[in-house]
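Single-letter residue listing:
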Amino acid sequence: MKPLFTAAVLALSTLPAFAQDDVVCMATEEMEASLVDWYDETPAVMDEDGTIVWASGIGGTWTVVSYNDNGTSCALAQGDNWSPRMDADALIAGLPDLQGSTGS
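Residues numbered from 1 in each chain as written. Predicted model: local features only at pLDDT ≥ 70, side-chain atom pairs only at ≥ 80, totals over all residues. Heavy atoms only, no water.

(A) Up close: the sheet that holds strand 2 (residues 42-46). Spatially, 1-5-4-3-2 is the arrangement adopted by the five strands of the open sheet, whose pairing is antiparallel. At either end of the open sheet lies a strand with only one pairing partner, and these are strand 1 (24-27) and strand 2. Shown here is a sheet whose adjacent strand axes are inclined to one another by a mean of 35°, direction ignored. Here strand 1 pairs with strand 5 (residues 72-79) via four bridges, running antiparallel. Within the sheet, the bridge partner assigned to Cys25 lies in strand 5 and is Cys74. Against the sheet, helix 2 (residues 28-39) makes contact with strand 1, strand 3 (52-55), strand 4 (62-67) and strand 5, and its axis sits at roughly 110° relative to strand 1, the strand it touches most. (Pairing = 2+ DSSP bridges. Helix = DSSP H or I, 4+ residues; strand = E, 2+ residues; numbered from the N terminus. Axes fitted to C-alpha atoms, helices over the stretch in contact; angles between N-to-C directions. Contact = heavy atoms within 4.5 Å.)

(B) Region of the structure containing the state of the cysteines. Scanning the entire structure with this criterion turns up one disulfide. Residue Cys25 pairs covalently with Cys74 via a disulfide, S to S 2.0 Å. Because the sign of the S-S torsion sets the handedness, a value of about 105° for the bond joining Cys25 and Cys74 places this disulfide among the right-handed ones. Linking Cys25 in strand 1 with Cys74 in strand 5, this pair joins segments that are 49 residues apart in sequence. A relative accessible area of 31% places Cys25 in the partly exposed class. (Disulfide = S-S within 2.5 Å. Buried < 20%, exposed > 50% of the residue type's maximum accessible area, 1.4 Å probe, protein only.)

In C-alpha cells:
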C-alpha cells in the first residue's frame, strides 16, 4: 500500500483547488506511520473538528489529515514550504466538507 499512498499523495493538488478523487484514505495507524516515516511530519495544528495539519518543519512538507470514526484517515491536501506563520485554520477551512464522502 505504501507505493499507492506515495503516488496518490504526490498527485494531490495544493490548496485551494483539488478534486474529491484526490483524497487518499487508509487505516489511521498506517496514515500516521507513513507521514512520520516517509515525510518526517508530526502534528502541527489541530482544528476543532479533529482535522490535523501535519508538517515536517519550517520550509518542509505539510499534509491536512481528516480522521474518521471508523478508524480510517484521509489526506485531503498537501504542500511544501510549511511555515509556522501559515494560517492552518484557513488551510483547513478552505477544504470542502468531505466527511460524508470519505467513509466516515
